[in-house]
Amino acid sequence: MGQSGTGTDRQYSGAIKDYDPQGTFIVQVNATDKDITSPENQVEYALDVGNTANPYFTIDSRTGVITVNNRLSFDTSGRQQYTLFVTATDRGLNPNDVMVTTATVTIAVERNVAPIIQNKNTYFSSFSEGVDIDYNITQIFAIDANPATSMNGMLHYSILEPNASNKFQIDQSGVIRPRVTLKGLQPATWIFTVQVSDKGIPALSDTTKVEFSLNRISGPRFNPSESVYNKDENFRVGEVLARLQAEDPTPDGPLVYEIRGDGLSPTYFRLEMEGQTAVIKLNKSFTEDSNKSLFYKIRLQAYRRNDPNVFAEHIAMVYVNRNPSAPRFNHGDLVFNINETLPLKYVIGEVSANDTDIGSNGEILYSISQTELLPHYLQDYFSVNEFNGKILLIGDLTQDSRTFKYTMTVVAKDKGIPPRQDTVKVTINVSRNPNAPRWIGLPYSANVTENDLSGTPVIKVSAVDDDNDPIEYNIVRDTGAGSPYFSINQQTGQITVSNAPLYEDTVTSYNLRVTAHDKTSASRTAEATVEITVNRNIFPPVFVISSYKTKISEYISNGSPLDVLVRATDGDNVNSNSGILRYKFGTFNPPSAETLFEISSTTGVISIATPLIGNPLNAPTNVTMQVIAYDKTTAPRSATATVAVEIVRNTNAPIWITCPNSAATAERVTANTYITATSARDPDLNDDLNRDTPNAQVEYYLAGDTNSYARFFNVRDDGRLYTSQMLNFPALDTDFITIRVVAQDKSWQPKSVECALRINITKISATNRTIGFIQPIFHVDVSENEKRDTILKYLDVVNQNPNQVVDCQLDNSTYPAGLFTISRDNANKNCQLVLRGNLDFEDRREYRLTATVNEVRSKRQALNYGDVYNAWKTALIIVNVIDQNDESPKWVIPPYPRQTGLNSNTQDKYFGIVNKNTGSDTRVLTIMAIDRDAGNYGLVEYLRGLPDNDVPANPPFNLNSQSGEITSTASFNFRTDPVYRFQVMAKDNPGQTTTQNSINGEIVVYLVEDKHRFVAVMPGQPQDYANRIEPFRQAIQNKTSYICLIESVQHRTVKAGPDEVTTSTTGTDITFVLGDPDNKPNFPLLLHANQDFNRLFGPEWTIFVRTFANISVDDVHPPFTGNLQAQKVLSKSYVWWLDDPWAALIAITAISILLIIVGIIVLVFTHSRYMKYINNYRVYQQAYPGPEFVEPPSFLREYETQSLQMYVPPDEAVPTGGEVHMHLSAEGISAVDTSGTAAFNPVYIADEEPQFVQHTYTRDTTLL
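Remember, predicted model here, so these are calculated numbers, not experimental data. (Residues numbered from 1 in each chain as written. Predicted model: local features only at pLDDT ≥ 70, side-chain atom pairs only at ≥ 80, totals over all residues. Heavy atoms only, no water.)

Visitor: Any chance you could explain the nonpolar core here in plain terms?
Guide: What tends to happen in soluble globular proteins is that the nonpolar side chains get buried as a cluster. Core analysis: the biggest nonpolar cluster contains 32 residues, and Phe 773, Phe 820 and Val 879 have the highest contact counts within it. Look past the residues within four positions of Phe 820 in its chain and what remains in contact with it is Leu 792, Leu 810, Leu 833, Val 834, Leu 835, Leu 839, Tyr 847, Leu 849 and Val 879. Counting residues in hydrophobic clusters, the runner-up holds 28 residues, among them Phe 543, Ile 552, Ala 593 and Leu 612. (Core = buried A, V, L, I, M, F, W, Y, C linked by side-chain atoms within 4.5 Å. Buried < 20%, exposed > 50% of the residue type's maximum accessible area, 1.4 Å probe, protein only. Contact = heavy atoms within 4.5 Å.)

This is the structure we're talking about:
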């Protein structure tokens, strides 16, 4: 059985206001249950049933939060306290186990109490009608029992009567003030009600009566109060209109006079004082009044200076006599005779009148009198131009066939006020053709195909004329898309296909407008519409073969076409969009193979888009692609074919032909000693598509790293195994070693096979010898991204005592401390060079280190000499850093505003300009990127970006992938696009498919017009500014913050006349344009018409350019417009020989003689050298008759090359220390192979290498 819930507090209290809305938080009760398990320890809360307060409150059953359920102001009982009983019940599964506990909640409520006005009905006041608007008349006082911070205690004052509230106002502190000026306000006594209300819900209020009495005051007056004046329009400025004076019954003067309000009076009249008399004068001429006012109302007011609210007023009316003359026609009544078939807007004639007045009084407007016209609808057919008096035909006279005479009165009215006018009578007689042609056989419709040829009949139309007039047929050519494609026989009405091919259009239905008109002087026309339906794209494309198969090598070169010809045909006209076919890819299997191929949209040739090698994630062996052929119509028809491509890849691994089980050699044998031979063959040779590819080519290498026994050997291209250095195995416990020869094909996904070869070693004892390095110089190649703590090289040590340990030391160098270290190997018999830091090819490409080796001896051990093997205590280690492609290209872009920072709008963007005169194959700009890597890694190629980002599509520019030069591919004469934008890419390591880095950029090219150009004028010649153009451009940018592009530098252009310009050699013009770097993405060019040149290129700009670029600018202006004057220039003629043929003959003869003399000199010199050679050779032959081995004399090497033979006498024993390999030339020993033990001659070591001392070389060696 569960434990009873326990309330943490049995008594709760809360407080709210009666206007609090539903959901307002009051208090939260809390109970706990000591049960451990759920649901017995979970508590539910509820209000005890039956409590009358329950409808106004609610409790959350889970949290115990009590909130308002209904606003308490709705409770009419007005209780100020509520008591709630809350039960907390646990959730036992057995109803008998459920336990309940109860808590009491007391809620205090703030009830709204109505406000009370103090001193009610005692608010009386009497004051002057001249008080100001901010005058405090009285203040109403009210109190409220509720707190002022509560809505129940917030008071609001108002005047209930609308008429009183319009004249008086009361603020929220109860102060009443005038709302308007009270002077003359009626009635003099005001009684109204003021209400004070709170903001409770609902609001409670109290009211009181307020009574005001206005005390009237007397003021100045005019006698009389009105006057009238008549003046001509030419009344002069400054003349006196009137003299007026007001009377003041009080001694509170003096009076002040003002002209106030009423339209234009304060503008056209002014007030001057003569003592106490006000003098009104004309301030502005009546003729300047654009409204041509006929009268002006002057409101003259007089008031006391200390009481401006009480004033007297005089109204002076001024009437102006305007427009004295009326218009007069220059002619009498007019008669015109016309034909009813005249076109609309035809000018029938004109009327003309004059007015002697000036200004607008003399301007005439023409109109037709609305009361004197016959017939009454005359204005449906005729109108008069109100400005020039031309009489126009505006209606079709054929629609009013029964009227032959039209009579109207034309009015000429001037613009004076009041206007004046004159009239003239105009009669128009019309000659008519009663009946127009009438169509028969309507409606007209026909069908044609787009393949129909010129002259093909379409349909015949026919019309009749009830007047028996001859009829002529025509096609309306000015409208309708179909009119160019059809023609009509004017006599028969037969419509045929015209010379314009129908297939040039794409419209499927034409509404052809045809006319039939009778051939009379008053010709009438009938029009009909012929609906012609054009059947287009009749035939769908058809593939010649629906399925294609081919087989290709994975090493097929990029761009190579497949040996299948995917071709489709179409029965439509080959010149029409219906018959022109295009090709595209459909689906691919696998889908990823879509990036490997591309198809020509015009020929259907499928070629390789990207190399088929290099990407193991996209290396399918079988690809099935769908090819779609479709026509060029707006609703194309299509056909599909499938192409199956088998990609032949590396199928087989090499197989061994010769893999010996063992071989033998001896310790201390020298480098390049032959050990044994292996050979392998790749079965891919049997496949025709693999035979000449890396898949069938075998290469050999030794398994194991540079620290294994494999380092002593190398395997050549033919599989033969040689030693790579002197064999030295001081730590070898057995008499053999095992190495693994690997035969591997050269595929990008190579396959290999191993041959385990046991090499028996004849060891040589090195007891009692002085140890040293096996060679004086070690070369180490290390990649720049090699990891730290990598063993770079094992430095073999020879002449070791088996019981001794080597001591390896690395001399101090200038390189960063700790970059390299040297230590003993695991067997304590050799030294190993270890990398301890990071290498960067771009920082340093070579390191030279000096290492020494010694034996670790006890004090009792003595040094022994008499060694027979060469060794070096000190060795030079040359570390060559191998470059990796770890650097990306970087753009080299001229500086532009907004290239860096938060608002880097122009970053990675090049800007260029073209103009209307730019033709095809014109250089626009050159882009450039650099890469710090070496070799092919540092080379950069340039590519166009995705065409989806081109704006507009297909911009007419070409990018040279090697030089980065961008040239135009079309003329810009008819192009209107203001900006061209396309993406470019710079990619390093060209020709590869992997290990490439790239960066993207954008090209913005402006189409420049005269409205964009600015011309800077400066002294001197154009060549003087060749090296200062870029500083000048940057100076403009730095000062204006706009993108600046220089278009041209040329001689100064000056005005030679109104429409002519010429060039002057006294100055230089630099033409440039400015772009807005903040207006992405087009960065539009500025229009010079919208610029303030003084602000943009003012004195500060001129000083800045002089300081920054050392250029003095005289002026900046828009380009001059006009024709360029022809310039007479003296020039040299290069066709003089056409005028004087004898002079040409003499010149040719002189040139021929000169060439003969030069030829003779060359022959004599060559013969002399040859005879000298013969004589020297004869002497040489006589001195050395029949030598077996000879070295050619030095003079022979000028003409031939002899091989050097070396002879070793057979009676001289070959030293056991190894062979000596030397390469001799005429200049001496040029290189020494130091892989042996004895062939070392310090005389020929480079100057920067240390001179090593040889410790163990004791025997004589003969060098031949």
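Moving on from the model shown.
Visitor: Got a minute to help me understand the packing of helix H3 (residues 1029-1040) against helix H5 (residues 1099-1109) in this structure?
Guide: For any two helices packed against each other, one specifies the crossing angle of their axes together with the interaxial distance. Interhelical geometry of H3 versus H5 gives an angle of 140 degrees and a closest axis separation of 9 Å. Here H3 is positioned oblique relative to H5, judged by the angle of their axes. Handedness of the H3/H5 crossing: right-handed. Counting all contacts with H3, which are made through Pro 1031, Phe 1032, Gln 1034, Ala 1035, Ile 1036, Asn 1038, Lys 1039 and Thr 1040, the residues of H5 involved are Glu 1100, Trp 1101, Phe 1104, Val 1105, Phe 1108 and Ala 1109. (Axes fitted to C-alpha atoms, helices over the stretch in contact; angles between N-to-C directions. Helix = DSSP H or I, 4+ residues; strand = E, 2+ residues; numbered from the N terminus. Parallel < 35°, antiparallel > 145°, perpendicular 65-115°, else oblique. Left-handed = near helix turned anticlockwise from the far one by under 90°.)

Visitor: Which parts of the structure should I look at to understand the state of the cysteines?
Guide: Note: disulfide means a covalent bond formed between the sulfur atoms of two cysteine side chains. Scanning all chains against the criterion turns up two disulfides. The disulfide bridge from Cys 659 ends at Cys 755, spanning 1.8 Å between sulfur atoms. Linking Cys 659 and Cys 755, the disulfide has an S-S dihedral of approximately 95 degrees and is accordingly described as right-handed. Residue Cys 659 is found in the loop between strand S52 (655-658) and strand S53 (662-666), and its partner Cys 755 is found in strand S60 (residues 752-762); the two are separated by 96 residues along the sequence. The exposure class assigned to Cys 659 is partly exposed, which follows from its relative accessible area of 31%. Two residues share a disulfide in this structure: Cys 808 and Cys 831, whose sulfurs sit 1.8 Å from each other. Here the disulfide of Cys 808 and Cys 831 is left-handed, its torsion about the S-S bond being about -85 degrees. You can see Cys 808 sitting in strand S65 (residues 805-810) and its partner Cys 831 sitting in strand S67 (residues 831-835), a full 23 residues away along the chain. The burial state of Cys 808 is the same as that of Cys 831; both residues are buried. The connectivity of the disulfides in the chain is 1-2, 3-4, where the numbers refer to bonded cysteines in sequence order. (Disulfide = S-S within 2.5 Å.)

Visitor: Mind showing me how you'd approach the environment of Asn 429 here?
Guide: The residue Asn 429 is located in strand S34 (residues 421-431) in this model. Spatially, the C-alpha atoms of Asn 429 and Ile 338 are 6.3 Å apart, while their sequence positions differ by 91 residues. With near-sequence residues (within four places) excluded, Asn 429 lies in contact with Val 335, Phe 336, Asn 337, Ile 338, Phe 404 and Lys 405. In this structure the side chain of Asn 429 is engaged in a polar contact, spanning 2.9 Å, whose partner is the side chain of Asn 337. (Polar contact = N/O pair within 3.5 Å; in protein donor to acceptor, adjacent residues only side chain to side chain.)

Visitor: Any chance you could explain the sheet that holds strand S32 (residues 390-393) here in plain terms?
Guide: Within a sheet, each strand pairs with its neighbour through backbone hydrogen bonds, oriented either parallel or antiparallel. Here three strands make up an open sheet; going across it, the order is S28-S32-S31 and the pairing antiparallel. Pairing within the sheet leaves two strands with one partner each, and these edge strands are strand S28 (347-350) and strand S31 (382-384). Strand-to-strand twist of the sheet, defined as the mean angle between neighbouring strand axes without regard to direction, takes the value 25 degrees. Relative to S32, S31 runs antiparallel, the two being bridged by three bridges. Within the sheet, the bridge partner assigned to Ser 383 lies in S32 and is Leu 392. (Pairing = 2+ DSSP bridges.)

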